[in-house]
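Okay, here's what each chain looks like letter by letter:
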Amino acid sequence: VRRAEMLQLHGSWSEALEEAQKACDILSAPNPKRAVRAAYFRLGELHRLRGEFDKAEAAYRKASEWGDEAARPGLAMLRFAQGDVEAANALIRQAASETESPGARARVLDAYVEIVLSAGDMDSARTAAAELEKIARALNTAVLDALASRARGAIQLAENDNAVALVSLRSALARFRELDAPYEAARTRMLIARALHA
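So, here is what we can say about the structure in this document. For every chain, the first residue of the written sequence is number 1, and numbering continues from 1 along that sequence. Per-residue local features of the predicted model are confined to residues with pLDDT of at least 70, and side-chain atom pairs are confined, for both listing and counting, to 80 or more; whole-chain, interface and lining totals are unaffected and use all residues. By convention in this description, side-chain values take in all heavy atoms of the structure and omit both hydrogens and water.

Re the overall build of the protein chain
For the protein chain, the count of helices and strands is 11 helices and 0 strands. The order of helices and strands in the protein chain, counted from the N terminus, is α-α-α-α-α-α-α-α-α-α-α. In terms of overall dimensions, the protein chain is globule-like: its C-alpha atoms have a radius of gyration of 16 Å, near the 16 Å expected for 198 residues. Projecting the C-alpha coordinates of the protein chain onto the three principal axes gives extents of approximately 55 × 35 × 30 Å. Note on contacts: a residue pair qualifies if any of its non-hydrogen atoms lie within 4.5 Å across the two residues. Relative to all contacts within the protein chain whose residues are 6 or more apart in sequence, the contacts with residues 24 or more apart total 49%. All accessible-area figures derive from a Shrake-Rupley calculation using a 1.4 Å probe, and residue coverage is judged against the displayed protein chains alone. Carbon and sulfur atoms provide 51% of the accessible area of the protein chain, an area that totals close to 9,900 Å². Note on charges: Lys and Arg go in the positive column, Asp and Glu in the negative column, and His and the chain ends are not counted at all. A charged residue contributes its charge at one atom only: NZ of Lys, CZ of Arg, CG of Asp or CD of Glu. Positive and negative side-chain charges in the protein chain, numbering 28 and 28 respectively, have mean positions lying 3 Å apart. Strands here mean DSSP runs of E at least two residues long; helices mean DSSP runs of H or I at least four residues long; both are numbered from the N terminus. Radius of gyration: over C-alpha atoms. The globule rule applied is 2.2 Å multiplied by the number of residues raised to the 0.38 power.

Printed below as a string of structure tokens:
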């Protein structure tokens, strides 16, 4: 599962998909349900990113069989990708209310900021971005630092503070480049383009 996660981060989605499928197969035998849940969740994430929404939905459903809360963040992003902001908003709020561990919560908050901003809830987005920054400082990892900078930049962009947003977004982009995370870098470049256009 961790190999699949790292391959996904580095943009090797086909290889990551193979590793996630292997993990699902191996872990479906009597094993800790947390590991099985994580394998199916990663499989769902990869299918979602590749635009294979039916396969993503099936993998998230399988993940939820091993624990109801497991699939909510992925399903929220799937609904968001499908254009159903209302369903995405409800799912991500539920996921945020049920996720406590800092690392998992940071990933939920990253999606939360994007979805609630799209739904027009600036106050909730600001609160989530501030919490994400707090977690990033506490855990002190490059990935969380980049996610927090991007969330801050997205808020600043939504507030039409474009010059300040560019500073935050360029900081996030630099971190994602250091991590060799092309998809996350591309998502950040989209926000930079919006700031430059504005």
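Details of the environment of Ala163
Its place among the elements puts Ala163 in helix α10 (residues 162-178). For Ala163 and Ala198, which are 35 residues apart along the polypeptide, the C-alpha to C-alpha distance reads 9.8 Å.

So, the nonpolar core
Core analysis: the largest hydrophobic core is formed by 67 residues, its most contacted members being Leu43, Tyr60, Ile92, Val113, Ile115, Leu132 and Phe176. If we ignore the near neighbours within four places in the chain, the residues touching Phe176 are Ala146, Leu147, Arg150, Ala181, Glu184, Ala185 and Thr188. Here the nonpolar core consists of buried residues drawn from Ala, Val, Leu, Ile, Met, Phe, Trp, Tyr and Cys, with membership extended through side-chain atoms lying within 4.5 Å. Working definition: with a 1.4 Å probe on protein chains only, accessible area under 20% of the residue-type maximum means buried, over 50% means exposed, and in between means partly exposed.

So, the pattern of salt bridges
Counted as salt bridges are all cases of a side-chain nitrogen of Lys or Arg within 4 Å of a carboxyl oxygen of Asp or Glu. Going through the model one piece at a time under the given rule, you end up with 22 salt bridges. Between Arg72 and Glu98 there is a salt bridge, and its shortest N-O distance comes to 2.3 Å. Here Arg72 is found in helix α5 (residues 72-81), whereas its partner Glu98 is found in helix α6 (residues 85-98), with 26 residues between them in sequence. In this structure Glu98 comes out as partly exposed when scored by relative accessible area, which is 37%.

Side note on the environment of Trp13
Following the sequence through the fold, Trp13 ends up in helix α2 (residues 13-27). Separated by 37 residues in the primary sequence, Trp13 and Arg50 place their C-alpha atoms 7.9 Å from one another. Those residues in contact with Trp13, other than ones at most four positions away along the chain, are Gln8, Leu46, Leu49, Arg50 and Tyr183.

Re the packing of aromatic side chains
Remark: the centre distance and the inter-plane angle together describe each pair of aromatic rings, the angle taken between the planes. Side-chain rings of Phe, Tyr and Trp, where Trp is taken by its six-membered ring, are said to pair if the distance between their centres is within 6.5 Å; with planes under 30 degrees apart they count as stacked, over 60 as edge-to-face, and otherwise as tilted. On inspection of all chains with the given rule, the structure shows 2 aromatic pairs. Pairing Trp13 with Tyr183 gives two aromatic rings, centres 5.3 Å apart and planes at 65 degrees, and the pair type is edge-to-face. Here Trp13, found in helix α2, pairs with Tyr183, found in helix α11 (residues 182-197); they are 170 residues apart in sequence, far enough to count as distant. A residue is classified by how much of its surface remains accessible, and Tyr183, at 29% relative accessible area, is partly exposed. Each ring, one from Phe41 and one from Tyr60, has its centre 5.8 Å from the other, and the planes form 45 degrees; the classification is tilted.

A few points about α2
In this scheme, a helix's expected span is set at 1.5 Å multiplied by one less than its residue total. With 15 residues, α2 ought to run about 21 Å at 1.5 Å a step, and its terminal C-alpha atoms sit 20 Å apart, in line with that. Those residues of α2 not exposed but buried are Trp13, Ala16, Leu17, Glu19, Ala20, Ala23, Cys24 and Leu27. Projected down its long axis, α2 carries its buried residues within an arc of 165 degrees, all on one side. Among the exposed residues of α2, those oriented more than 90 degrees off its buried face are Glu18, Asp25 and Ile26. Note that the arc is computed from the directions linking the helix axis to the C-beta atoms.

What to know about the packing of helix α8 (residues 122-139) against helix α9 (residues 142-158)
At a minimum axis separation of 9 Å, α8 and α9 run at an interaxial angle of 155 degrees. Between α8 and α9, the interaxial angle falls into the category roughly antiparallel. Handedness of the α8/α9 crossing: left-handed. Touching Met122, Ala125, Arg126, Ala129, Leu132, Glu133, Ile135, Ala136 and Leu139 of α8 are Leu144, Asp145, Leu147, Ala148, Ala151, Arg152, Ile155 and Ala158, all from α9. Each residue receives one of three labels: charged for Asp, Glu, Lys and Arg, nonpolar for Ala, Val, Leu, Ile, Met, Phe, Trp, Tyr, Cys and Pro, and polar for the others, Gly being one of them. Here the residues of the contact of α8 with α9 are counted per class, giving 13 nonpolar, no polar and 4 charged. Note on definitions: angles span 0 to 180 degrees between N-to-C directions of axes, and those axes are lines fitted to C-alpha atoms, for helices only across the stretch in contact. Roughly parallel here means an angle under 35 degrees, roughly antiparallel means over 145, roughly perpendicular means 65 to 115, and every remaining angle is called oblique. The sense of a crossing depends on the near helix, which, turned anticlockwise from the far helix by less than a right angle, makes the crossing left-handed and, turned clockwise, makes it right-handed.

As for unusual backbone geometry
Glycine aside, negative phi is the norm for most residues, and most peptide bonds take the trans geometry. Unlike most non-glycine residues, Asn160 shows phi in positive territory, near 65 degrees. Summarising the element assignment, Asn160 is placed in the loop between α9 and α10. Although it is not a glycine, Asp180 sits at a positive phi angle of roughly 55 degrees. Inspection of the secondary structure puts Asp180 in the loop between α10 and α11.

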